[in-house]
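# A closer look at the structure
Below, each chain spelled out in residue letters.
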Amino acid sequence: MATPMPHTTISSQTLMLLPHVSRRRCGGRARARILALTATPTSASACSFHVCATAARGSSPPSLFDEAFPYVAAEWKTIVKGWACAAAAVYCLSRAVPAAGRLPRALAACGGGAAEALKGGVALAGLAAARSAAAYVQQALLWEAALRAAARLRERAFEGVLARDLAFFDGRGGLSAGDIAHRITDEADDVADAVYSVLNIIVPTSLQLIAMGHQMVIINPLLSMVAATVIPCMWLVIASLGRRLRQISKEAHISLAMLTVYLNDVLPSMLTVKANNGERKEISRFQNLVIDDIKNNLSKKKMKALIPQVVRATYIGGLVVLCAGSIAVSGTSFDGEGFLSFLTALALAIEPIQDFGKAYNEYKQGEPALDRIFDLTRFIPEVRDKPTAVHLKSVKGDIKFHDVTFRYIDGIPPILDGVNLHIRSGETIAFVGPSGGGKTTLAKLLLRLYQPQSGYILLDNCDIRDIQLRCLRTHIAFVSQDAMLFSGTIAENIAYGDPMGAIDMSKVECAAKIANAEEFIKMLPGGYNSYVGQKGSSLSGGQKQRLSVARAIYQNSSILILDEATSALDSRSEILVKEALTNLMASHTVLVIAHRLEMILMADRILSLEGGKLQEIKKSSFLSRYSQFSSPQGTSPKLGKV
Ligand SMILES: Nc1ncnc2c1ncn2[C@@H]1O[C@H](COP(=O)(O)OP(=O)(O)OP(=O)(O)O)[C@@H](O)[C@H]1O
């Protein structure tokens, strides 16, 4: 007998798509709340390993820089090419500085040496053009690296979200779907901006600063020292304003995130809004959020506008100091040509200093976004694969629950209280009981969407914790009450279990036929290629349900769970689907959670789940107990929550 053990991997198979309503630029939410999250990688990427290894060691969490480094380092080839272009651009610039200083003399000598002046001008123009071209390629390459790094991070974050336990999506994870979508879309863009700025300052800006500083020192060391006093002043100003900008940016991020979350909530609920005349109320809620957003965003924009002005003012102040310095040293061998070259070099040195400031600010703005994205990946799921988990090629469908006790939240009575159950291979079991009795929960435990607090479940005498999650869920087809469909075509929805682009159309058509969906599909203009709209919004409840049944049939699993799978069907459709299910029941282990008498009577055994306890009901006593529900027309009566 298998014993309860901790588990190991992840499957995203059963997770629903996150609604995506997103806008550019959003960021922080209360950090304390976010830090409650945790995550583990599904892929063996270097980045994932790094984070997990640290988590496993129980050491202090890695710094943001450490976490982000592998994503950026993966783009090293593009970065090196970009930096090589930067070096070329700086080389052109350093050649242009003395050439600029010589130009006035060449122009003054125009009368006697026009060719000389032309040569100097052409050389300068050539250097400027070469510098522009190199700078352009440098920026394009560094942007490519930054965007690719952000895309990797985005993928990793989504992977992390899919690896989360289902409980995270039940609202106990502390994050709404809108917030998650926002982090993965908009905030990843903020991270790209920050990465670009940092890449840009590491080499191009530093090189330019060093090259121009070098030029200045060659021309006039004393004056260079005077000029150098301007740099720390500017840097102090930039740093202090940057800290303030980070705080303001965080507030702006929060207000924009709240707006996104709100839209994610309200847009999919339009039916309820309209049916309840909620439009005015929603407009005023939206306006309040917009006002908040404007206030915070405006503060951020003002600060961003203020910083260059302050930097410029410091720069001009510095130049005044420099002029005074130049007067003080006028007795030295500082000629006009040297002075012009010096000023050119100084002007070109100021540019990278300003870039340092901009990059610092960009990084400060991107920091909260980076933190929030990594928060999606910092966790270890409760339900995961053991390293020794096995893959079962096929299963017979023999299921045993041993003393299974489960509650969603600590401190409340268990939903399942020491449940023991043996379902033999090929059996059909109907689960009945009051609403909220725990029927769906029982099915979810079999799928390992949650972890029982005690007891264990065996599939073909193998503890389901010892079976790879992907494998387990491949052998169990689940038709949920919600008949969840995804944006996409009918064929894509039926063949959801297959990888993208690997749809077996003959299998799709066959599944649709068995599920009695073929008739309505053929009436659609695009047939199997018709789009179903967001969450299948263009289809009726019964049509969605038939597609869900078709999806389960397509999966061709040994175990079929039908959770009120026919509740939205009319009696004619129900009869047809019932016939199809009768055929499937002959060759599958079927768990039916049903409220319709006919569906219940199709089962070999009827089990009632109430107060956490399972009890078998004989068909005869079940029939006599509920005979009052029999429909006069002979169609399947709905029992309600029995
Ligand atoms: N994700 C969840 N988090 C917390 N409690 C939950 C969650 N899902 C279900 N519950 C609670 O667990 C209990 C059992 O729910 P379950 O969906 O299993 O009942 P059910 O018998 O299938 O009900 P119904 O027949 O109405 O579908 C209910 O009280 C429900 O409120």
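Residues numbered from 1 in each chain as written. Predicted model: local features only at pLDDT ≥ 70, side-chain atom pairs only at ≥ 80, totals over all residues. Heavy atoms only, no water.

The name given to the chain in an unreviewed UniProt entry is ABC transporter domain-containing protein, with the source organism recorded as Oryza punctata. For the record of the chain, the UniProt heading Subcellular location (unreviewed entry) holds the text "Membrane". (UniProt positions renumbered as here; feature names shortened; annotations may be inferred.)

## Some thoughts on the domain arrangement of the chain
Here the chain is partitioned into domain 1 (64-220 + 334-377) and domain 2 (399-629). Relative placement of domain 1 and domain 2: their C-alpha centres are 55 Å apart. With four residues of domain 1 at the interface, the matching set in domain 2 holds four residues. Of the roughly 340 Å² buried between domain 1 and domain 2 on both sides combined, carbon and sulfur atoms contribute 57%. Applying the counting criterion to the domain 1 and domain 2 interface returns zero salt bridges. Among the residues making up the side of domain 1 that touches domain 2, the classes are represented as two nonpolar, no polar and two charged. (Domains from an automatic or database assignment. Contact = heavy atoms within 4.5 Å. Buried area = accessible area lost by both parts, 1.4 Å probe. Salt bridge = Lys/Arg side-chain N within 4 Å of Asp/Glu carboxyl O. Nonpolar A, V, L, I, M, F, W, Y, C, P; charged D, E, K, R; others polar.)

## Topic: the side chain of R164
Assignment of secondary structure puts R164 in the loop between α5 (114-162) and α6 (166-172). Within the structure, the side chain of R164 is placed 3.3 Å from the backbone oxygen of D375, a separation counted as a polar contact. (Helix = DSSP H or I, 4+ residues; strand = E, 2+ residues; numbered from the N terminus. Polar contact = N/O pair within 3.5 Å; in protein donor to acceptor, adjacent residues only side chain to side chain.)

## Brief notes about the site of the ligand
Taken together, 17 residues lie near the ligand, and D170, S435, T440, T441 and Q481 sit nearest. The side chain of K439 places a nitrogen or oxygen atom 2.9 Å from an oxygen atom of the ligand. Residue T441 places a side-chain N or O atom 2.5 Å away from an oxygen atom belonging to the ligand. Taking 630 Å² as the accessible area of the ligand by itself, protein coverage stands at 71%. If you list the elements that add at least two residues to the shell around the ligand, you get α6 and α13 (439-446). Tallying contributions element by element places α13 first for the shell around the ligand, with three residues. Of the residues in the shell around the ligand, the class split is four nonpolar, eight polar and five charged. (Near = heavy atom within 4 Å. Areas by Shrake-Rupley, 256 points an atom, 1.4 Å probe, with all protein chains shown as cover.)

## Considerations on the nonpolar core
The biggest cluster of nonpolar side chains holds 44 residues, and the ones touching the most others in it are I494, I521, L547, L562 and L581. Top contributing element to this core by residue count: helix α18 (residues 541-555), with six residues. For L547, the contacting residues outside a window of four places in its chain are L485, I490, I494, A517, F520, I521, V532 and L539. Among the nonpolar cores identified, the runner-up in size contains 34 residues, and V395, V419, C462 and I464 belong to it. (Core = buried A, V, L, I, M, F, W, Y, C linked by side-chain atoms within 4.5 Å. Buried < 20%, exposed > 50% of the residue type's maximum accessible area, 1.4 Å probe, protein only.)

## Concerning the packing of aromatic side chains
As enumerated under the stated definition, the model contains eight aromatic pairs in all. Between Y71 and F374, the aromatic rings sit 5.9 Å apart at their centres with planes inclined by 55 degrees, giving tilted as the arrangement. In this pair, Y71 is assigned in helix α3 (residues 64-73) and F374 in helix α12 (residues 336-375), connecting sequence segments 303 residues apart. Given the relative accessible area of 0%, F374 is considered buried. (Phe/Tyr/Trp six-rings, centres within 6.5 Å; stacked < 30°, edge-to-face > 60°.)

## Section: the sheet that holds strand β1 (residues 399-406)
Sheets are built from strands that pair by backbone hydrogen bonding, the pairs being arranged parallel or antiparallel. If you walk across this open sheet you meet the four strands as β2-β1-β4-β5, and the pairing is antiparallel. Sheet topology places β2 (416-423) and β5 (462-463) at the edges, where each strand pairs with a single neighbour. Sheet analysis places strand β4 (residues 454-459) next to β5, joined by two bridges and oriented antiparallel. Across the sheet, residue L458 finds its bridge partner in β5, namely D463. (Pairing = 2+ DSSP bridges.)

## Overview of the pattern of salt bridges
Following the criterion strictly, the structure yields 18 salt bridges and no others. Across the pair R372 and E187 runs a salt bridge whose closest N-O atoms are separated by 2.7 Å. Placement of the pair is R372 in helix α12 and E187 in helix α7 (residues 177-219), with a sequence separation of 185 residues. We note a salt bridge from D463 to R465, for which the minimum N-O separation is 2.7 Å. Each member of the pair, D463 together with R465, is buried. Within the structure, one salt-bridge network assembled from shared partners comprises E67, D371, D375 and R378.

## Examining the environment of I380
Considering the arrangement of structural elements, one finds I380 in the loop between α12 and β1. On the basis of relative accessibility, which here comes to 43%, the residue I380 falls in the partly exposed class. Sequence-wise, I380 and E564 are 184 residues apart; in three dimensions their C-alpha atoms are separated by 33 Å.

## Let's talk about helix α16 (residues 505-514)
Of the residues making up α16, those classed as buried are V508, A511 and A512. Taken down its axis, α16 places every buried residue within 100 degrees of arc, on the same side. Along α16, exposed side chains directed more than 90 degrees from the buried face belong to S506 and K513. On its buried face, α16 sits against α15 (490-494), α17 (518-523) and α18. Once α16 ends, the next one or two residues include N516, with phi positive near 60 degrees. (Arc of directions from axis to C-beta.)

## Comments concerning the sheet that holds strand β3 (residues 428-432)
Spatial strand order, β6-β7-β8-β3-β9-β10: six strands in an open sheet with mixed pairing. Each edge of the sheet is formed by a strand with only one pairing partner; in this case those strands are β6 (476-479) and β10 (613-617). Shown here is a sheet whose adjacent strand axes are inclined to one another by a mean of 20 degrees, direction ignored. Of the strands in this sheet, β3, β6, β7 (559-563), β8 (589-593) and β9 (605-610) are in contact with α13, which crosses β8 at around 150 degrees. Each of β6 and β7 is contacted by α18, which is oriented at about 175 degrees to β6, the strand it contacts most. (Axes fitted to C-alpha atoms, helices over the stretch in contact; angles between N-to-C directions.)

## Observations concerning unusual backbone geometry
Even without glycine at this site, D460 takes up a positive phi of about 50 degrees. Looking at where D460 falls in the secondary structure, it is placed in the loop between β4 and β5. By relative accessible area, which is 23% here, D460 ends up partly exposed. At N556, a position not held by glycine, the phi torsion is positive, near 50 degrees. Along the polypeptide, N556 turns up in the loop between α18 and β7. Taking the relative accessible area as the measure of exposure, N556 reaches 58% and is therefore exposed.

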